[in-house]
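Chain and residue survey
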Amino acid sequence: MKHKVKVKVPVKKRGLFGIKKTVMETRTIEVDHKTYKKMMKERKNRPYSLEEMMFYDWIFEDW
């Protein structure tokens, strides 16, 4: 079984005056079921981001 997953991939682009910079682009890739399950498990166990921590503090009034 194939799954379509959106991932962020670093891509080098030319900016102002030809200076190269690395930006993150969202791309859709196809993966098999085993890889899909592994990716979802990693996504579930990732640490909270700063925005998520601030949001939870705001919800639970944990100032």
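Predicted, not measured: the structure shown is a model, and the values here were computed from it. (Residues numbered from 1 in each chain as written. Predicted model: local features only at pLDDT ≥ 70, side-chain atom pairs only at ≥ 80, totals over all residues. Heavy atoms only, no water.)

What follows is about the packing of aromatic side chains. Applying the stated rule across the entire model yields three aromatic pairs. In textbook terms, an aromatic cluster arises when at least three aromatic residues are bridged by ring pairs, as seen for Tyr-48, Phe-55, Tyr-56 and Trp-58. (Phe/Tyr/Trp six-rings, centres within 6.5 Å; stacked < 30°, edge-to-face > 60°.)

According to the stated counting rule, one finds three salt bridges in the structure shown. Glu-25 is the partner of Lys-13 in a salt bridge, and the nearest nitrogen-oxygen pair spans 2.8 Å. Here Lys-13, found in strand 1 (residues 2-14), pairs with Glu-25, found in strand 2 (residues 20-32); they are 12 residues apart in sequence, far enough to count as distant. When its relative accessible area of 38% is taken as the criterion, Lys-13 is described as partly exposed. On the basis of relative accessible area, Glu-25 is assigned to the partly exposed category, the value being 22%. Note that Arg-27 is salt-bridged to Glu-25, the shortest N-O span being 3.3 Å. Residue classification places Arg-27 among the partly exposed positions, given a relative accessible area of 40%. When salt bridges that share partners are traced, they join Lys-13, Glu-25 and Arg-27 into one network. (Salt bridge = Lys/Arg side-chain N within 4 Å of Asp/Glu carboxyl O. Helix = DSSP H or I, 4+ residues; strand = E, 2+ residues; numbered from the N terminus. Buried < 20%, exposed > 50% of the residue type's maximum accessible area, 1.4 Å probe, protein only.)

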